[in-house]
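If you want the building blocks of each chain, they are given just below.
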Amino acid sequence: MSKLLSALERRMPNSISPPSPYLPTLAIAITIGTWSASFPALRLVLDHLEPLPLAAVRFAIGAVLAALWMIWVRPMPMPMRDLLLAALCGLVGLAGYSIFLNFGQMTVSAGAASFIIKTESLCMAVLAVIFLKERFRAWAWMGTLLALAGVAVIAVEQPGGIAVGSGAVLVLAAAIFSGAGFVLQRPLIARHGALHVTAVALLAAALALLPWLPAALVQ
């Protein structure tokens, strides 16, 4: 029996085929496609739903899927500190992001919003250097600042420009919230996995926006 088990152990690694090298590329392509489609979709839906009810129904749907996943998988419970941090990710990186983006897209075009929102990369870089002690080389900073200058040109051309309270500034605020959410979840994902952290964050965002869900159903 021991000889048989040893033979099976030697054969098992060879029987597992390596993952396709095209899977990461496909995952990135799907992410970019769905992400880019969300901006014109939001602009269309904002003709029928107000910004807060729209955010509420969006994360209510996400929370249902997250709850079903947690019931099915039954992941190990997070320690209370990590659970609260994951919930904060939902409040900041999901609910806060969505609220500011929805209000901003009331006046900012979908294409401009998709460019402005990517200032989250600069926010992520700054926060990661400060709190996660990550390195960001000089060429990366130069490229990021150049991209930020281009975004500023786009923002100035939007209704209200970059004045306080304008749509472009609200989208910039959404980018800051999103970037902060990404940095907050980084250590959590390493400990608990992306799906578990995302599920908790979705549930927290849905609970925070619950007061506006009835208005969403009416609208």
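Residues numbered from 1 in each chain as written. Predicted model: local features only at pLDDT ≥ 70, side-chain atom pairs only at ≥ 80, totals over all residues. Heavy atoms only, no water.

Remarks on the overall build of the chain
- Counting its regular elements, the chain contains 10 helices and 0 strands.
- Traced from its N-terminal end to its C-terminal end, the chain shows the element sequence α-α-α-α-α-α-α-α-α-α.
- Buried residues in the chain amount to 35% of all 219 residues.
- Across the chain, contacts joining residues at least 24 apart in sequence account for 83% of those joining residues at least 6 apart. (Helix = DSSP H or I, 4+ residues; strand = E, 2+ residues; numbered from the N terminus. Buried < 20%, exposed > 50% of the residue type's maximum accessible area, 1.4 Å probe, protein only. Contact = heavy atoms within 4.5 Å.)

Re the pattern of salt bridges
- A complete count under the given rule lists 2 salt bridges for this structure.
- Between Asp82 and Arg191 there is a salt bridge; the shortest N-O distance is 3.0 Å. Taken together, the positions of Asp82 in helix α4 (residues 80-104) and Arg191 in helix α8 (residues 167-192) put the pair 109 residues apart, joining distant regions of the chain. (Salt bridge = Lys/Arg side-chain N within 4 Å of Asp/Glu carboxyl O.)

Describing α8
- End to end, α8 covers 36 Å across 26 residues, agreeing with the expected 38 Å (1.5 Å per residue, within 8%).
- At Arg186, α8 shows its maximal kink, close to 35 degrees; a proline, Pro187, follows between one and four residues later.
- Immediately beyond the C-terminal end of α8, within one or two residues, lies Gly193, with a positive phi of roughly 90 degrees. (Expected span 1.5 Å × (residues − 1). Bend = angle between axes of the 7 residues up to and from the residue.)

Remarks on the environment of Ala208
- Mapped onto the secondary structure, Ala208 falls in helix α9 (residues 194-208).
- Once the C-alpha coordinates of Ala208 and Leu91 are considered, the two residues, 117 residues apart in sequence, prove to be 7.1 Å apart.

Observations regarding α4
- For α4, with 25 residues, the first-to-last C-alpha span of 34 Å sits near the 36 Å given by 1.5 Å per residue.
- The principal kink in α4, of about 30 degrees, is found at Gly96.

Let's talk about the nonpolar core
- Counting residues in each nonpolar core, the largest one holds 18 residues, and the members touching the most others are Phe39, Tyr97, Leu101, Val108, Ile116, Ile117 and Val171.
- Residue assignment for this core shows that the elements contributing at least two residues are α2 (23-45), α4, α5 (110-116) and α8. (Core = buried A, V, L, I, M, F, W, Y, C linked by side-chain atoms within 4.5 Å.)

What to know about the packing of aromatic side chains
- According to the stated counting rule, one finds 2 aromatic pairs in the structure shown.
- Their ring planes at 75 degrees and their centres at 4.9 Å tell us that Trp35 and Phe39 sit as a pair that is edge-to-face. Of this pair, Trp35 and Phe39 are both found in helix α2, 4 residues apart, which corresponds to roughly one turn of the helix.
- The exposure class of Trp35 is partly exposed, given its relative accessible area of 30%.
- In this structure Phe39 comes out as buried when scored by relative accessible area, which is 1%. (Phe/Tyr/Trp six-rings, centres within 6.5 Å; stacked < 30°, edge-to-face > 60°.)

Some words on unusual backbone geometry
- We note that Arg74 has phi near 50 degrees; this positive angle belongs to a residue other than glycine.
- Within the secondary structure, Arg74 sits in the loop between α3 (51-73) and α4.
- On the basis of relative accessibility, which here comes to 68%, the residue Arg74 falls in the exposed class.

What about the side chain of His196?
- With respect to the helices and strands, His196 occurs in helix α9.
- Those residues in contact with His196 that sit more than four places away from it in its chain are Trp69, Met70, Pro75, Met76 and Met78.

A word on the packing of α3 against α4
- Orientation of α3 relative to α4, taken along the N-to-C sense of each, is 140 degrees, at an axis distance of 9 Å. On the basis of the axis angle, α3 is oblique to α4. Pair α3 / α4 crosses with right-handed handedness. On α4, the residues that touch Pro51, Leu52, Leu54, Ala55, Arg58 and Phe59 of α3 are Leu94, Ala95, Ser98, Ile99, Asn102 and Phe103.
- A breakdown of the residues in the contact of α3 with α4 according to their chemical character gives 9 nonpolar, 2 polar and 1 charged. (Axes fitted to C-alpha atoms, helices over the stretch in contact; angles between N-to-C directions. Parallel < 35°, antiparallel > 145°, perpendicular 65-115°, else oblique. Left-handed = near helix turned anticlockwise from the far one by under 90°. Nonpolar A, V, L, I, M, F, W, Y, C, P; charged D, E, K, R; others polar.)

Regarding the confidence of the model for the chain
- Per-residue confidence for the chain gives a mean pLDDT of 82; residues scoring 70 or more make up 85%.
- Confidence, expressed as mean pLDDT per element, reaches its minimum in the chain at helix α1 (residues 2-15) with 46 and its maximum at α9 with 96.
- Low pLDDT, under 50, characterises residues 11-16; the predicted model gives this stretch 0 contacts beyond four residues in sequence or across chains. (pLDDT = per-residue confidence, 0-100.)

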